[in-house]
Amino acid sequence: MVDISTINPKKSTNLSITLDDIEQKRYDDFIAEHEACQKYTGAIGVSSVELVVTHTSVGYLLTARCGKCKVERNLTNYDNF
């Protein structure tokens, strides 16, 4: 028999990242460049652009990736490290 009072449930991670002005500009430019890759589904559009966040010991690396054409761009402002 397992004593469930000793089992620690897996903790969920809620990650909130704020882009600085430089990173936001890079992200907005990437979105604009890949506007043709976006899928229109009526009133609600579906973006094919993903924001990939990689944690390092000094900060987060931010990469924008277009799911349709597979182009990637580094958005990271290294001055924040």
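Keep in mind the model is a prediction, meaning the values are calculated, not measured.

**A closer look at the confidence of the model for the protein**
Phase 1 of the analysis: Predicted confidence across the protein gives a mean pLDDT of 83, with 75% of residues reaching 70 or more.
Phase 2 of the analysis: Taking the mean pLDDT of every element in the protein, the minimum, 90, falls on strand β1 (residues 49-55) and the maximum, 97, on strand β3 (residues 72-74).

**A few points about the pairing of strand β2 (residues 60-66)**
Phase 1 of the analysis: Pairing between β1 and β2: seven bridges, direction antiparallel. Along β2, the bridge assignment pairs valine 49 with cysteine 66.
Phase 2 of the analysis: Between β1 and β2, which pair antiparallel one after the other, the connecting turn spans four residues.

**So, the nonpolar core**
Phase 1 of the analysis: Listed in full, the eight residues of the largest apolar core are Leu19, Phe30, Cys37, Val49, Leu62, Ala64, Cys66 and Leu75.
Phase 2 of the analysis: In terms of residue count, the dominant contributor to this core is β2 (three residues).
Phase 3 of the analysis: Among all residues touching cysteine 37, those that are not within four sequence positions of it are Ser48, Cys66, Lys68 and Cys69.

**Section: the side chain of histidine 34**
Phase 1 of the analysis: Within the element layout of this structure, histidine 34 appears in the loop between α1 (21-33) and β1.
Phase 2 of the analysis: Leaving out residues up to four positions away in the same chain, histidine 34 has contacts with Val49, Cys66, Cys69 and Val71.

**Considerations on the sheet that holds β3**
Phase 1 of the analysis: With antiparallel pairing, three strands are arranged side by side in an open sheet as β1-β2-β3. Edge positions in the open sheet fall to β1 and β3, since each of these has one partner strand only. Mean inter-strand twist for the sheet, computed between neighbouring axes without regard to direction, equals 25 degrees.
Phase 2 of the analysis: Its contacts with the sheet place α1 against β1, β2 and β3, and it is angled at close to 165 degrees to β3.

**Remarks on unusual backbone geometry**
Phase 1 of the analysis: Its identity as a non-glycine residue notwithstanding, lysine 70 has a phi of 70 degrees, on the positive side.
Phase 2 of the analysis: For lysine 70, the location among the structural elements is in the loop between β2 and β3.
Phase 3 of the analysis: A relative accessible area of 57% places lysine 70 in the exposed class.

**Points about the packing of aromatic side chains**
Phase 1 of the analysis: Going through the model one piece at a time under the given rule, you end up with one aromatic pair.
Phase 2 of the analysis: Ring centres of tyrosine 78 and phenylalanine 81 lie 5.4 Å apart, and the angle between their planes is 80 degrees; this geometry places the pair in the edge-to-face category.
Phase 3 of the analysis: A residue is classified by how much of its surface remains accessible, and tyrosine 78, at 46% relative accessible area, is partly exposed.

**Remarks on the pattern of salt bridges**
Phase 1 of the analysis: For the coordinates displayed, the defined rule picks out four salt bridges.
Phase 2 of the analysis: Linking lysine 25 and aspartate 29 is a salt bridge whose minimum nitrogen-to-oxygen distance equals 2.9 Å. Here lysine 25 and its partner aspartate 29 are both found in helix α1, four residues apart, which amounts to about one turn of the helix.
Phase 3 of the analysis: For aspartate 29, a relative accessible area of 30% puts it in the partly exposed group.
Phase 4 of the analysis: Between arginine 73 and glutamate 33 there is a salt bridge whose closest N-O contact spans 2.7 Å. Taken together, the residues arginine 73 in strand β3 and glutamate 33 in helix α1 connect sequence positions 40 residues apart.

Cut-off values and rules
Residues numbered from 1 in each chain as written. Predicted model: local features only at pLDDT ≥ 70, side-chain atom pairs only at ≥ 80, totals over all residues. Heavy atoms only, no water. pLDDT = per-residue confidence, 0-100. Helix = DSSP H or I, 4+ residues; strand = E, 2+ residues; numbered from the N terminus. Pairing = 2+ DSSP bridges. Core = buried A, V, L, I, M, F, W, Y, C linked by side-chain atoms within 4.5 Å. Buried < 20%, exposed > 50% of the residue type's maximum accessible area, 1.4 Å probe, protein only. Contact = heavy atoms within 4.5 Å. Axes fitted to C-alpha atoms, helices over the stretch in contact; angles between N-to-C directions. Phe/Tyr/Trp six-rings, centres within 6.5 Å; stacked < 30°, edge-to-face > 60°. Salt bridge = Lys/Arg side-chain N within 4 Å of Asp/Glu carboxyl O.

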